[in-house]
Structure formats: structure tokens, C-alpha cells
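Chain and residue survey
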Amino acid sequence: MAPRTREELVSMAVMDPALAAILEMRPAMRPPKPSDPYYGRTDHTALREHRATILKEKWGLRYLPGLIPEVTEEDRKIPVRDGSEITIRIYKPVTVMEGRSPLIVMLHEGGWGMGDLTDEEVNCRLFSRDLGAVCVNVEYRLAPEYPFPTWINDAWDALQWCAQNASNLGADPSKGFVIGGGSAGGNITAVLAHLARDDRLSPPLTGQYLGVPAVMCFLPPSHIPAQYRSEFISHPFITPSRDPILNVALGPAGPYITPIIRSVVGLLPLKLLARIFSMAGMHGDMSSSLFVPFLYGKTERGHKDLPPAYFQVCGLDPLRDEALIYERVLREESGVKTKLDVYKGLGHYFWTNFPELEMSRTFVEDTVKGMRWLLEQEK
């Protein structure tokens, strides 16, 4: 397949009229109100609480507003490598369709520093009800309290725990063993797919779900292979973001200073760039493949021998081209089966932030269809 043209990529970023109509009536995220307990604070904990509050206010409009009788839910603590415990939530179908259930492990979004189990509970309930899966929702520890690579270590320990305890959970990984998540959760999924391959996780993963994933984590275009740069135009250094949620911008002076910044960072080695990004608030290490899974492409095995991957990508999302390039690399260069759905004119995590959109329901239904496709594949 030839690289996508600039015109094709630009057309994906023409805002959907229904989304534009909502933004004319209200902001994407309401500001804090005096009644909010964190009102007047600007620390990270306050920002985390505000995000959770806004999303909770929209739960009634979600595809599934709450608990469903067809699925049981149980919280459990599991050990991780530093002697601590993290919480997982286990979802099981009340009635197993045929034989034992496949096993799905989900990781929530939130930029590695926000989010919780509620962010993936709709997907987990649907996977359990509609696909008969045992679903494990992982609450990994967050930055900045727990710095990189804590969240990767927690997620990897949880995945190994699930593999070792699948039978006790009532799951049969031979029916399917899939890991997935969105945004930061998709990033962690991509990393863990490589770790599971390299460390020979047993039983092996049979699929990976990558929803609006951070694959390059805004790695500057100068630091990705030249053959992909013509398709990397959603990066904020190339195109100012118009995404109402992931609005990565440099302020009013952005158009003037972006070329300067782009030139400077292009001269910096990745290790130094990683330190600069860290000082600017980036939670991970830009020079590590445990944070930037695209960097696995520089290793001997690259991205080969990974399980099939299902992608959902949004046209307004500044992460769009990271995912589109990665999907093509997996499919064309690494021989990995892929399935791709693109949502033109819609932004990062639009389906949770704008659940009233008809396309939000479509997105959630597509997620279930994509997971079903993964369960039907053979590695």
C-alpha cells in the first residue's frame, strides 16, 4: 500500500458537523465550579479529580450507564514486584455461551497520570456480556506519585498474574487471550505485546486492541525514520491541534515558535531530548521502548511475531498519524494481521467526552466488533 497522501490525511481532520454543533453550545470540558471540592486548586491531584468529575457527570449518557445483570464484578488485590498490591476488577458472564471464556485484560487511559477502573468498565461489561469473556480491568499506579516505569511494571505483572491464574478466573486462553486499552492504555498494550513476545508469556497473547494509542508519544518528526515523515502531519509541530480534548498547543505564539522548536529538537540526541521532555512534564522516558513502543522497531525482531491488532483512530486526534503509521508498519513490514477503523472529523476520546453523539454509540459498538474479530484470529 502506498503511503497516505497529505490530502487524504487532511480530509480526516475536517471537524464532524455534529461535534462542531456541540462545541458551539458548550466547551469541551467545563471549568471547575465553586461547588467542586477542588475548586481554586491547580495541582495535579485537582486536575485528576476534575477530569473524573466531568466524566462521571456524563455516565448517564454512556452506552451502558451502569451495572448490568448479565455480568458479575469483583475487585481483587494482586501483588506486584515491589511488594505492593494493585486493584483489578474481574468481570464474568453470568451465563457462559459455549465452553470456557476467553480472557481479556484491559488498561485504562489518562496520560499515565489520571484515570481509573471506571474508564474501561463499559468495554469490560460489553466484552463479558456480548463475547462471553472473562475481563480483567487493571488499576495500575499513576504518575507523578509513581514515576516511570511503575505503570509498565504494574501492567506487566498484572498480565503475567492473569496468565498464571486464568483457570482460576474461569477463563481459557486457548479461546483467546487479548490485551487492550485506549490512549495511554493503548500505549501500555503495545509495549506489553512486545514484552510478552520477547519473554515468551505462557499462554501467549492472541490479540491486542489499540484504541487511539500513543505509539510514538509525540516523538518529534526528526526522530522517526525518514520514510514515514510525509505521513506524520498530525504531530503538533507540523499541524496545530484542533482536537477539543487532546489540544496540544504552544499558545498564541505557536505558529511563530514551532519552526524554531522543530529545528532545535531535530539536532538533539534522543537521550537529551528525553530529559528535556521530562522537565516539561512528560511522565515517561522518550528514549525508552518501554514508553515509546515504536522504538522496538530498532531492535533485532522489530515488530514481528506480534499478535493481531485492532486499531481505532480518530481524524482530529494529534495522535492519529502515530497509529496509522504503526498499523501500516505492523501489516506491511512485520506480517501482523490488523483491522483498522478511522473516525473522520472526531477527536481523542470523543465517545466518553461527547457520549450524546450518535457516532459515540457507533464507536463503542465497533470496539466490540473489533474485539470479536481479534478473538476469531489465529496468531
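For the structure, check the block above.
To start, this report covers the structure provided alongside it.

Calculation rules
- Residues numbered from 1 in each chain as written.
- Predicted model: local features only at pLDDT ≥ 70, side-chain atom pairs only at ≥ 80, totals over all residues.
- Heavy atoms only, no water.
- Axes fitted to C-alpha atoms, helices over the stretch in contact; angles between N-to-C directions.
- Helix = DSSP H or I, 4+ residues; strand = E, 2+ residues; numbered from the N terminus.
- Parallel < 35°, antiparallel > 145°, perpendicular 65-115°, else oblique.
- Left-handed = near helix turned anticlockwise from the far one by under 90°.
- Contact = heavy atoms within 4.5 Å.
- Nonpolar A, V, L, I, M, F, W, Y, C, P; charged D, E, K, R; others polar.
- Core = buried A, V, L, I, M, F, W, Y, C linked by side-chain atoms within 4.5 Å.
- Buried < 20%, exposed > 50% of the residue type's maximum accessible area, 1.4 Å probe, protein only.
- Phe/Tyr/Trp six-rings, centres within 6.5 Å; stacked < 30°, edge-to-face > 60°.
- Pairing = 2+ DSSP bridges.
- Polar contact = N/O pair within 3.5 Å; in protein donor to acceptor, adjacent residues only side chain to side chain.
- Expected span 1.5 Å × (residues − 1).

**A closer look at the packing of helix α5 (residues 150-164) against helix α7 (residues 184-198)**
- It is the contact of α5 with α7, at a shortest axis distance of 10 Å, that shows an interaxial angle of 55°. The angle between α5 and α7 falls in the class oblique. For the pair α5 and α7, the sense of crossing is right-handed. For the pair α5 and α7, the contacting residues are W151, I152, A155, W156 and L159 in the first and I188, V191, L192, L195 and A196 in the second.
- Residue composition of the contact of α5 with α7, by class: 10 nonpolar, no polar and no charged.

**Structural notes on the nonpolar core**
- By size, the foremost hydrophobic cluster in this structure holds 72 residues, and its most contacted members are L103, W151, L159, I188, L192, F294 and Y326.
- The contact partners of I188, leaving out residues within four places of it in the chain, are L107, W112, Y140, W151, I152 and A155.
- Membership of the second largest hydrophobic core comes to 37 residues, among which are L64, C124, V178 and L357.

**What about the packing of aromatic side chains?**
- Taken as a whole, this structure holds 15 aromatic pairs when the rule is applied.
- The interplanar angle of 85° and the centroid separation of 5.5 Å between the aromatic rings of F350 and W351 together place this pair among those described as edge-to-face.
- Of the residues examined, W351 reaches a relative accessible area of 11% and is grouped as buried.
- Members of the aromatic cluster, joined through ring pairs, are Y343, Y349, F350, W351 and F363.

**Regarding the sheet that holds strand β6 (residues 207-211)**
- Spatial ordering of the open sheet is given by β1-β2-β4-β3-β5-β6-β7-β8, a layout of 8 strands whose pairing is mixed. The open sheet has two edge strands, β1 (71-79) and β8 (338-343), and neither has a second partner. Pairwise comparison of adjacent strand axes, ignoring direction, gives a mean angle of 15° for this sheet.
- Here β6 pairs with strand β7 (residues 309-314) via 4 bridges, running parallel. Looking at the pairing, Y209 lines up with Y310 of β7.
- Docked against the sheet, helix α4 (residues 121-131) engages β1, β2 (85-93), β3 (103-107) and β4 (134-139), running at close to 40° with respect to β2.
- Lying on the sheet, helix α12 (residues 358-376) is in contact with β3, β5 (177-182), β6, β7 and β8; it crosses β7 at an angle near 165°.

**What to know about the side chain of Q377**
- With respect to the secondary-structure elements, Q377 resides in the segment after α12.
- Classification of Q377 by relative accessible area gives buried; the value is 17%.
- Here the side chain of Q377 touches W373 through a polar contact of 2.8 Å, landing on its backbone oxygen.
- Every residue in contact with Q377, bar those within four places of it in the chain, is listed here: P308 and K337.

**A closer look at α7**
- With 15 residues, α7 extends 21 Å between its outermost C-alpha atoms, agreeing within 8% with the 21 Å of an ideal straight helix rising 1.5 Å per residue.
- When you tally the buried positions in α7, you get 14 out of 15 residues, the bulk of the element.
- Residue R200 follows α7 closely and has a positive phi angle near 55°.

**Observations concerning the packing of α4 against α12**
- The N-to-C vectors of α4 and α12 enclose an angle of 55°; their axes lie 10 Å apart at closest approach. With respect to α12, the element α4 is oriented oblique. Read as a crossing pair, α4 and α12 show a hand that is right-handed. Mapping the contact onto sequence places V122, N123, L126, F127, D130 and L131 in α4 and V364, T367, V368, M371, R372 and L375 in α12.
- A breakdown of the residues in the contact of α4 with α12 according to their chemical character gives 8 nonpolar, 2 polar and 2 charged.

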